[in-house]
Amino acid sequence: MKDIKSMLLPEIELELKELSEQKFRARQIYKWLHSGVVSFEDMTNLPQKLRQRLGELYYITAPKVLRKQESKYDGTIKYLWELNDKNSVESVIMRYNYGNTICVSSQVGCRMGCAFCASTIGGRVRDLSASEILDQVIFAELDSGLKISNIVMMGIGEPLDNFDNVIRFLQLVNSEDGLNIGMRHITISTCGIIEKVDKLGDYNIQSTLTISLHAPDDETRDKIMPINRATGVDNLLAAGRRYFEKTGRRVSYEYAMIDGVNDSEKQAKLLVSKLKGTGSHVNLILLNEVIESPLKPTKPENLEKFINILKSGGINVTKRRKLGGDIDASCGQLRRKATQN
Ligand code: SAH
C-alpha cells in the first residue's frame, strides 16, 4: 500500500493514468486528502468503484489526538498526536496578533544530541513522512477550528535531517489545491547541518531559515551542540551568508540563554563581532527547563545586559515571548512525559 497523501498532484495524476482513470479525478482526490478526509469512502464525488479501488492500493494517514492541552493564559494549544504506528509527536498552535502559527515536528525523536533539548533524549526513532508533517497542520485546524497562517518547523526533530520529506511537505502545504500557505510564512529551523543548508539554498525556496546558534564560540557550542564538533561556528555562519546570497532571504539566529554557559558579556561581544554587518536577526529565548537536564535559564539581569550589548553593537535582536508556560509547551516535553507513563 502506498501513502497517497505524501504524493504531489502530478504524481497522483500519474497514478490514475496507470489505473486508466480520468485525470481530473486526481485533483478531486488531492483536495479531499488536504481537507482531512480519512477514508476514500468519504470522497463522495468519486464513483463507488474508484473509491474501492483506491482503498485497496493506498492508505490515508490520520493522527489521533492522544492529549490536548490549552493554556489558560494565552490560548496556546498543544497536541500530542498518535501516528498510525503508535509513535507520537507534538505540535503547538500559538496565537499571535499577525495570525495563528503552528509549530510542527519533523521526526519522531532526534539524533542531534543538543544538551538542553528534551526531544533528543531517547534519540531518533524514525523520520516523519511528508503526509505526517502535513497532517499536523490539517488536523490541528480541524480540531481547533482555527485558521493557521504560519508554520514553524521547531517541533521535535531536525528538519534538515529529514530533508526530502520536508521539501515535499513544503510543496504540499504551499500548493493552491492544498492549504496554500505561502513559503514566506514558513520557517525552517536547523541546528546547522552545513551541507543541507547549502542544498536548501540551491533549491531557492523562499521559506525563512533560522539557525539555532546558541553560542558564538566553538568551545561552548561544542559542549552543548555535538553537531558543532564537525562544523564549527565560523563555517556555519559562512553557510548562513551563502544562503542569503543565493535566496535573498536573511537568516536569523536562535539563541537560548543558559545560565553560566552562553550568557557572558564576553560572549555577547563575540556574537556582535561575528554577526556585525550581516543584517542578521538574533532571537533570544530564555531556556526552558527540562527535568532531565541540569541547565538553568539565564538570570534576568544577565539577559538584559546581553540584549543591551547586542543592541549597542547594532544587532537586530528580539526576545521571544514565552507562551504556554503552564502546559509544557516547550517541544519534546509532552512526548517525554507520555512515553514514560
Ligand atoms: N532541530 C531544529 C528545530 C527544533 S528545536 C533546530 O535545532 O533548530 C527548535 C528550537 O528550540 C531550536 O532553536 C532549539 O535549539 C530550541 N530549544 C530546544 N530545547 C530548548 C529549551 N529547553 N529551551 C529553549 N529552547 C530550546
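Our structure's up above, just so we're on the same page.
Nothing here was measured: the structure is a model prediction, and the numbers come from that model.

Draft legend 1. The packing of aromatic side chains, seen in detail. Going through the model one piece at a time under the given rule, you end up with 4 aromatic pairs. Relative to Tyr98, the ring of Tyr96 lies with its centre 5.1 Å away and its plane at 10 degrees, an arrangement referred to as stacked. Relative accessible area serves as the criterion here: at 55%, Tyr98 is assigned to the exposed category. Ring plane angle 70 degrees and centroid distance 5.5 Å describe the contact between Phe163 and Tyr203, whose orientation is recorded as edge-to-face. Residue Phe163 is found in helix 5 (residues 163-174), and its partner Tyr203 is found in helix 6 (residues 194-203); the two are separated by 40 residues along the sequence. For Tyr203, a relative accessible area of 41% gives the class partly exposed.

Draft legend 2. A look at the site of the ligand. Around the ligand, 18 residues are found, and the nearest of them are Phe116, Ser189, Ser212, His214 and Asn288. A distance of 3.3 Å is found between an oxygen atom of the ligand and a backbone nitrogen or oxygen belonging to Thr190. A distance of 2.5 Å separates an oxygen atom of the ligand from a polar side-chain atom of His214. Considering the ligand on its own, with 530 Å² of exposed area, one finds that the protein chains cover 91% of that surface. When grouped by side-chain class, the residues that make up the shell around the ligand number 9 nonpolar, 7 polar and 2 charged.

Draft legend 3. Region of interest: the nonpolar core. In terms of nonpolar packing, the biggest core is built from 96 residues, with Ile4, Val137, Ile151, Phe169, Leu284 and Leu310 touching the most fellow members. Of the domains in this structure, domain 1 (2-59) and domain 2 (64-340) are the two that each give at least three residues to this core. Apart from the residues within four sequence positions on either side, Phe169 is in contact with Ala130, Ile133, Leu134, Val137, Ile151 and Met153. Counting residues in each nonpolar core, the second largest holds 5 residues, with Val92, Met94, Cys103 and Val152 among its members.

Draft legend 4. Here's a closer look at empty space enclosed by the protein. Enumeration over the complete set of coordinates arrives at 1 cavity of 30 Å³ or more. What lines the largest cavity is Thr61, Ala62, Pro63, Leu83, Asn84, Glu132 and Asp135. Class assignment for the residues of the lining of the largest cavity results in 3 nonpolar, 2 polar and 2 charged.

Draft legend 5. Structural detail: the pairing of strand 9 (residues 148-153). Most of strand 9 is tucked away: 5 of the 6 residues are buried. In this structure, strand 9 lies alongside strand 10 (residues 186-190), joined through 3 bridges in parallel fashion. For Val152, the partnering residue across the bridge sits in strand 10 and is Thr187. Handedness of the β-α-β unit built from strand 9, helix 5 and strand 10 comes out right-handed.

Draft legend 6. Just the packing of helix 1 (residues 9-18) against helix 2 (residues 24-34), in detail. Put simply, helix 1 and helix 2 touch, their axes get as near as 9 Å, and they point 130 degrees apart. By the criterion of interaxial angle, the relationship of helix 1 to helix 2 is oblique. For the pair helix 1 and helix 2, the sense of crossing is right-handed. For the pair formed by helix 1 and helix 2, the contact residues are Leu9, Ile12, Glu13 and Leu16 on the first element and Arg25, Ala26, Arg27, Ile29, Tyr30 and Leu33 on the second. Residue classes in the contact of helix 1 with helix 2 are distributed as 7 nonpolar, no polar and 3 charged.

Draft legend 7. Local environment of the pattern of salt bridges. Under the definition given, this model contains 25 salt bridges. Two residues, Asp234 and Lys274, come together in a salt bridge whose shortest N-O distance is 2.9 Å. Taken together, the residues Asp234 in helix 9 (residues 233-247) and Lys274 in helix 10 (residues 265-275) connect sequence positions 40 residues apart. In this structure, the salt-bridge partner of Glu265 is Lys305, at a minimum N-O distance of 3.8 Å. Here Glu265, found in helix 10, pairs with Lys305, found in helix 11 (residues 300-312); they are 40 residues apart in sequence, far enough to count as distant. Overall, the relative accessible area of 39% leaves Glu265 in the partly exposed class.

Scoring rules and cut-offs
- Residues numbered from 1 in each chain as written.
- Predicted model: local features only at pLDDT ≥ 70, side-chain atom pairs only at ≥ 80, totals over all residues.
- Heavy atoms only, no water.
- Phe/Tyr/Trp six-rings, centres within 6.5 Å; stacked < 30°, edge-to-face > 60°.
- Buried < 20%, exposed > 50% of the residue type's maximum accessible area, 1.4 Å probe, protein only.
- Helix = DSSP H or I, 4+ residues; strand = E, 2+ residues; numbered from the N terminus.
- Near = heavy atom within 4 Å.
- Polar contact = N/O pair within 3.5 Å; in protein donor to acceptor, adjacent residues only side chain to side chain.
- Areas by Shrake-Rupley, 256 points an atom, 1.4 Å probe, with all protein chains shown as cover.
- Nonpolar A, V, L, I, M, F, W, Y, C, P; charged D, E, K, R; others polar.
- Core = buried A, V, L, I, M, F, W, Y, C linked by side-chain atoms within 4.5 Å.
- Domains from an automatic or database assignment.
- Contact = heavy atoms within 4.5 Å.
- 1 Å grid on protein atoms, 1.4 Å probe; cavity = no way out; pocket = protein on both sides within 12 Å on 5 of 7 lines; lining within 4 Å.
- Points joined across faces, edges and corners; volume = space filled by probe spheres on them.
- Pairing = 2+ DSSP bridges.
- Right-handed = clockwise from strand over helix to strand, strands pointing away.
- Axes fitted to C-alpha atoms, helices over the stretch in contact; angles between N-to-C directions.
- Parallel < 35°, antiparallel > 145°, perpendicular 65-115°, else oblique.
- Left-handed = near helix turned anticlockwise from the far one by under 90°.
- Salt bridge = Lys/Arg side-chain N within 4 Å of Asp/Glu carboxyl O.

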